[in-house]
Amino acid sequence: MNSAEMLKGHLDGLLLAVLADEPRHGYAVVEELRRRSDGELDLPSGTIYPALHRLERTGLVTSDWSTQGGRRRRTYRLTRAGRGELAEHRVGWGRFTAVVERILAAPS
Amino acid sequence: MTGHRLIEGYLAAVARRLPGSARERRAVLDELHDGLMSAAARHGDPSAIAPVRAALQEFGDPTVLGIALGDELRTRLVRRSALTILGVLVPVGAAWGAYAAVAGFPSTTVPDSWAAPVFALAVDSVRIAAVIAQCGAVLLVAATSSRRLGSWMRLQQQLVRVVTASLTVCAAAVVVGIATIATPHLHSAVLAGGPTAGLMLAMLLAARRARDHLSTAHPTGHDRHP
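Summarised in this report is the structure supplied together with it. (Residues numbered from 1 in each chain as written. Chains lettered and ligands numbered in written order. Predicted model: local features only at pLDDT ≥ 70, side-chain atom pairs only at ≥ 80, totals over all residues. Heavy atoms only, no water.)

**Quick look at the overall build of chain A**
Of the regular secondary structure elements, chain A holds 5 helices and 3 strands. When its helices and strands are written in sequence order, chain A yields α-α-β-α-α-β-β-α. Based on the C-alpha atoms only, the size of chain A along its principal axes is roughly 60 × 30 × 20 Å. For chain A, with 108 residues in total, the buried portion stands at 44%. Long-range pairs, those at least 24 residues apart, make up 45% of the contacts in chain A with a sequence separation of at least 6. Carbon together with sulfur atoms contributes 53% to the accessible area of chain A, which is approximately 6,200 Å² in total. (Helix = DSSP H or I, 4+ residues; strand = E, 2+ residues; numbered from the N terminus. Buried < 20%, exposed > 50% of the residue type's maximum accessible area, 1.4 Å probe, protein only. Contact = heavy atoms within 4.5 Å. Areas by Shrake-Rupley, 256 points an atom, 1.4 Å probe, with all protein chains shown as cover.)

Right under this line is the structure:
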């Protein structure tokens, strides 16, 4: 199973985590995902934009426009609801990995 | 061909899948343009062809991206239409309810003879249809604000149908009510009918816009396998 398939259901959590420390524009989110995963997560950049729009529609992130080098740039930041969702996601992920690890561990 | 032309071609392919006004599409395309230029800069000179080709490869098939972005934009536009409808229905309903509670409707508005039951049916129909339209619009806002239900275009289409049908019934009932109201109140009913017709038209147009946006939706996995 490749990393993109393993990510199904967790993309939103990853995006929220990447935006938790500072606001970022779409491609900066892609680069940060790549950096934090040491290049293991190399998602098609095109998948990130619809996901960011979905997070904004559901109130988990908000966005501002600015101009950088003559180009219009949209920067995303986490909302309070987004921080709550990220905290829930972290708890859920911790439980999930603990359970899977117990099952996958070699029988004692 | 320059790198710039390659990006323009890619964005044009994405734009073909986007609904909404030129301004709404422009915002999506400006964001992608910035992303593509940033990606090209990562691969080298963003004005050269090779770095731009690498950036386009990173972003993937423009049709697939356009469909995904189009569905998101469509869902927002449908929610905006539902909010427009609620923005009219809620204050008008509240004003009507408050007026009925405080002043009451004079019994002299009820016509004599055969028109009496028709008038009563029209008044009841306005109330019931308005409540159904309101409930449908609230559910539509909830569905389009949800991460899970936001991609269920078929559900949104059904809700838009319910809202449109109930608004149509409501508008027709208003016309019947004005046509059958007791003659002494006809003048004031016609005067009130003007703004009411304007509000009904605004809501029906909003519902129609939502229907038009959804009619161009690409079927999602949820829609294909409900």
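**A few points about the interface of chain B and chain A**
On the side of chain A, 23 residues touch chain B, which itself brings 26 residues to the contact. Put simply, chain B and chain A have 7 salt bridges between them. B:Arg76 is the partner of A:Glu56 in a salt bridge, and the nearest nitrogen-oxygen pair spans 2.9 Å. Viewed at the interface, chain A and chain B are joined by 18 residue pairs in polar contact (both at pLDDT 80 or more). Among the secondary structure elements, those contributing two or more residues to the side of chain B that touches chain A are α2 (22-43), α3 (49-59), α4 (62-102) and α5 (115-145) of chain B. A total of 12 residues in the side of chain B that touches chain A trace back to one element, the largest contributor, which is α2(B). Residues that form the side of chain B that touches chain A fall into these classes: 9 nonpolar, 8 polar and 9 charged. (Salt bridge = Lys/Arg side-chain N within 4 Å of Asp/Glu carboxyl O. Polar contact = N/O pair within 3.5 Å; in protein donor to acceptor, adjacent residues only side chain to side chain. Nonpolar A, V, L, I, M, F, W, Y, C, P; charged D, E, K, R; others polar.)

**Examining the sheet that holds strand β3 (residues 71-78) of chain A**
All names here are of chain A. Across the sheet, which stays open at both edges, the 3 strands sit in the order β1-β3-β2 with antiparallel pairing between neighbours. Each edge of the open sheet carries a strand with a single partner, namely β1 (24-25) and β2 (61-68). One ladder, built from 2 bridges, connects β1 with β3; its direction is antiparallel. In the sheet register, His25 faces β3, and the bridge partner there is Thr75. Against the sheet, helix α2 (residues 11-20) touches β1, β2 and β3, its axis set at about 100 degrees to β3. Relative to β2, helix α4 (residues 45-57) is tilted by about 125 degrees, and along the sheet it contacts β2 and β3. (Pairing = 2+ DSSP bridges. Axes fitted to C-alpha atoms, helices over the stretch in contact; angles between N-to-C directions.)

**With respect to the nonpolar core**
One recurring pattern in soluble globular proteins: nonpolar side chains tend to sit buried together. With 45 residues, the main nonpolar core has A:Leu15, A:Ile48, B:Val14, B:Leu32, B:Phe59 and B:Leu69 as its most contacted residues. Elements represented by at least two residues in this core include exactly α2, α3 (26-36), α4 and β3 of chain A together with α1 (3-15), α2, α3 and α4 of chain B. Residues contacting B:Val14, with those up to four places away along its chain left out, are B:Leu29, B:Leu32, B:Pro62, B:Leu65, B:Gly66 and B:Leu69. Counting 30 residues, the second-largest nonpolar core is a separate cluster that includes B:Leu86, B:Leu140, B:Ala143 and B:Leu214. (Core = buried A, V, L, I, M, F, W, Y, C linked by side-chain atoms within 4.5 Å.)

**Comments concerning the packing of α1(B) against α2(B)**
A packed helix pair is summarised by two numbers, namely the angle formed by the two axes and the spacing between the axes. Residues and elements named next belong to chain B. One way to put it is that α1 packs onto α2 with a least axis distance of 10 Å and a crossing angle of 145 degrees. Here α1 and α2 pass one another in a crossing that is right-handed. Contacts between α1 and α2 involve Ile7, Tyr10, Leu11, Val14 and Ala15 on the former and, on the latter, Arg25, Leu29, Leu32, His33, Leu36 and Met37. Taken together, the residues of the contact of α1 with α2 sort by class into 9 nonpolar, 1 polar and 1 charged. (Left-handed = near helix turned anticlockwise from the far one by under 90°.)

**Quick word on the pairing of β2(A)**
All names here are of chain A. Pairing of β2 with β3 involves 8 bridges; the strand directions are antiparallel. Counterpart to Thr62 in the pairing with β3 is Arg77. Joining the antiparallel neighbours β2 and β3 is a turn of 2 residues, in which Gly69 adopts a positive phi near 60 degrees.

**Describing the packing of aromatic side chains**
This model, assessed by the stated rule, comprises 3 aromatic pairs over all chains. Pairing A:Trp93 with A:Phe96 gives two aromatic rings, centres 5.7 Å apart and planes at 35 degrees, and the pair type is tilted. Linking A:Trp93 with A:Phe96, this pair stays in helix α5 (residues 80-104), spanning 3 residues, or about one helical turn. Looking at A:Trp93, the relative accessible area reads 40%, which means it is partly exposed. Exposure remark for A:Phe96: the relative accessible area of 46% places this residue in the partly exposed category. Among the aromatic residues, ring-to-ring pairing joins A:Tyr27, A:Tyr49 and B:Phe59 into one connected group. In this arrangement the basic side chain of A:Arg72 is found over the ring face of A:Trp65, its NZ or CZ atom lying 4.1 Å from the centre. (Phe/Tyr/Trp six-rings, centres within 6.5 Å; stacked < 30°, edge-to-face > 60°. Lys NZ or Arg CZ within 6 Å of the ring centre and 35° of its normal.)

It is worth stressing that arrangement in space is one thing and function is another; only the former is reported here.
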